[in-house]
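The residues making up each chain are set out below.
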Amino acid sequence: MLSYAAYDPRVPDNDTTPERGWLGFYLFDWPTYPASLYRVTQGVHVVLGLTLTAVLLAKLWSVIPRLFIWPPARSAAQAVERVSLLLLVGGAVFEFVTGILNIQLFYVFPFSFYPAHLYGAWIFLAAFAVHVAVKLPKMVRSLRSRSIRRELRTGLDATRPEPPDPDGLAPLSPAEPTMSRRGVLAFVGGASLLTFGLSVGQTMDGPLRRTALLAPHGRDYGAGPNDFQVNKAASAMGVRLAETGPGWRLELAGARQAILSRADLLALPLHTYVLPIACVEGWSAEQSWTGVRLADLARLAGIMPGTAYAVVESLQRGGAFGQASLSAGQMSDPRSLLALRVNGADLSLDHGFPARIIVPNAPGVHNTKWVRRISFHPTAR
Ligand SMILES: Nc1nc2c(c(=O)[nH]1)N[C@H]1C(S)=C(S)[C@@H](COP(=O)(O)O)O[C@H]1N2
Ligand SMILES: [Mo]
């Protein structure tokens, strides 16, 4: 829900969700403070999802015989419960599968990932609430009926199958156990820990990044100040070298128009801030960015900072992220920059040369590279 809110779907252009309706009731202006909030929320979202994959698979494995019982329901109450199970299992599987495919960069969906993942989350949550409400008494009874500590001390020889229970999850004629309960717990816990250990590094700065063997972004971008994660290289996005050369101009469209060359921009007051790029895919990293305040650019276009949202367009041809909107609040934060330099050097072409957006706490995808035009649109007040 927070990942969705961070896209600021209330700013025109950022939202591709048809008929969001009341599902957006909780949306709010995504703040620019603290600058690393989205780095944390999105890092937790993605790394926790990966970590829980083993738990989901184990849970599905433990209930699989029950999912296919026949007849599917013997009473109206049971029919309701089974429909909620379908949504619970279906919702969970859908969220994990689409989430993992998305962060591994397999954009194979016949639908747009961003609204689909939101709808899936709501379906899962609703079914989960029903499931907990229905099963709570049974959960409490089951957990009270045995001691976890004793269970953890029980080896395979002493492991006994659950007593048969026609309405519960226990199989009616179980085979001999091949694994103790503590063995199952250790196996699932170990798999979760391993996934965590091999993915959490992608949210870190420094040498720990290299431990993220499960992240698809382990490439080396050479040495020096521009050696950090690239998402979408210039060549792949159809950005031509000639367009980024001395002929490049930035166009500002507000109460008045302004056209600026890179030399014009470098002659304006420059500011440097250490800010992260935090991608929806879960990886993030901090760099030191130098550039012109977006608020100063607004003034050049005759706009009072804080009174207009902005649409930022890039040189890119095609692809989904060639354009993004920034809220009035994001545009007026003093740390929001049109960056020209990173870590003391000119931006590399792949990091957005001649100029790119960098906004504190914004999802990476709104930090548009190869900026060509910024237009300002007064917000209703
Ligand atoms: N024009 C343009 N800007 C873009 C993108 C893009 O595809 N095209 N990708 C965005 C995404 S998803 C991220 S995470 C950041 C990554 O910035 P970097 O490649 O400099 O690390 O750039 C953003 N800016
Ligand atoms: Mo991203």
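Analysis parameters
Residues numbered from 1 in each chain as written. Chains lettered and ligands numbered in written order. Predicted model: local features only at pLDDT ≥ 70, side-chain atom pairs only at ≥ 80, totals over all residues. Heavy atoms only, no water. Helix = DSSP H or I, 4+ residues; strand = E, 2+ residues; numbered from the N terminus. Buried < 20%, exposed > 50% of the residue type's maximum accessible area, 1.4 Å probe, protein only. Contact = heavy atoms within 4.5 Å. Areas by Shrake-Rupley, 256 points an atom, 1.4 Å probe, with all protein chains shown as cover. Lys, Arg positive; Asp, Glu negative; His and termini not counted. Charge placed at Lys NZ, Arg CZ, Asp CG, Glu CD. Near = heavy atom within 4 Å. Polar contact = N/O pair within 3.5 Å; in protein donor to acceptor, adjacent residues only side chain to side chain. Nonpolar A, V, L, I, M, F, W, Y, C, P; charged D, E, K, R; others polar. Domains from an automatic or database assignment. Buried area = accessible area lost by both parts, 1.4 Å probe. Salt bridge = Lys/Arg side-chain N within 4 Å of Asp/Glu carboxyl O. UniProt positions renumbered as here; feature names shortened; annotations may be inferred. Axes fitted to C-alpha atoms, helices over the stretch in contact; angles between N-to-C directions. Left-handed = near helix turned anticlockwise from the far one by under 90°. Pairing = 2+ DSSP bridges.

The name an unreviewed UniProt entry assigns to the protein is Molybdopterin-dependent oxidoreductase, from the organism Nonomuraea montanisoli.

I'd like a rundown of the overall build of the protein, residues and numbers included.
Scanning the protein from terminus to terminus reveals nine helices and 10 strands. Projected onto the principal axes, the alpha-carbon positions of the protein cover approximately 80 × 45 × 35 Å. Every one of the 381 residues in the protein was classed for burial, and the buried ones make up 44%. Pairs at least 24 residues apart make up 66% of the contacts formed inside the protein by residues separated by at least 6 positions. For the protein, the computed accessible surface area is about 20,000 Å², with 66% contributed by carbon and sulfur atoms. The positive charge centre, built from 36 side chains, and the negative charge centre, built from 26, are 5 Å apart in the protein.

Describe in detail the site of ligand 1, supporting the description with residues and values.
Surrounding ligand 1, one finds 18 residues, the nearest of these being Gln229, Gln316, His351, Arg356 and Lys369. In this structure, an oxygen atom belonging to ligand 1 sits 2.6 Å away from a side-chain N or O atom of His351. Partitioning the shell around ligand 1 into residue classes produces seven nonpolar, eight polar and three charged.

Provide a residue-level description of the domain arrangement of the protein, including the pertinent values.
As far as domains go, the protein holds domain 1 (2–202) and domain 2 (241–378). Each of domain 1 and domain 2 has a C-alpha centre, and these two points are 39 Å apart. Contact with domain 1, which involves 25 residues of that partner, is made by 30 residues of domain 2. Across the interface of domain 1 and domain 2, roughly 2,200 Å² is buried in total on both sides, 50% from carbon and sulfur atoms. Counting the surface domain 1 buries against domain 2, the share from its top three residues, Thr32, Arg39 and Gln202, is 27%. Our count for the contact surface shared by domain 1 and domain 2 stands at zero salt bridges. Across the contact surface, domain 1 and domain 2 share 13 residue pairs in polar contact (both at pLDDT 80 or more).

Any chance you could break down the UniProt feature "transmembrane region" (unreviewed entry) in the protein for me, citing the residues and the numbers?
According to UniProt, the positions carrying the feature "transmembrane region" (unreviewed entry) are residues 43–64, 85–107, 119–136 and 183–201. Secondary structure across residues 43–64 comprises 100% helix and 0% strand; the distance between its end C-alpha atoms is 31 Å. For residues 85–107, the end-to-end C-alpha separation is 28 Å, with 83% helix and 0% strand making up the annotated structure.

Give a description of the packing of helix H2 (residues 37–67) against helix H3 (residues 76–103) that names residues and reports values.
Two elements in contact, H2 and H3, have axes whose closest approach is 11 Å; the angle formed by their N-to-C orientations is 145°. In this structure, the crossing between H2 and H3 has a hand that is left-handed. Between H2, through Val46, Gly49, Leu50, Leu52, Thr53, Leu56, Leu60, Arg66 and Leu67, and H3, the contact on the second element is made entirely by Arg82, Val89, Ala92, Val93, Phe96, Ile100 and Ile103. Of the residues assigned to the contact of H2 with H3, the class counts are 12 nonpolar, two polar and two charged.

Tell me about the pairing of strand S7 (residues 337–342), and name the residues and values.
Where burial is concerned, most of S7 is hidden: five out of the six residues are buried. Two strands pair when backbone bridges link them, and S7 and strand S9 (residues 356–358) are joined in this way by three bridges, in the antiparallel orientation. Of the residues in S9, the one forming a bridge with Leu338 is Ile357. Sheet topology note: the S7/strand S8 (residues 345–346) ladder contains two bridges and is antiparallel. Its bridge partner lying in S8, Arg341 is registered against Asp346.

Can you break down the pattern of salt bridges residue by residue, with the values?
Any two side chains of opposite charge can pair, given that their charged atoms come close. Counted under the stated rule, the structure contains 15 salt bridges. Of the charged contacts, one joins Arg262 and Asp346 as a salt bridge, the two residues approaching to 2.8 Å between their closest N and O atoms. Within this pair, whereas Arg262 is found in helix H7 (residues 262–267), its partner Asp346 is found in strand S8, the two being separated by 84 residues in sequence. For Arg262, a relative accessible area of 12% translates into the label buried. Here Asp346 falls in the partly exposed class, since its relative accessible area comes to 40%.

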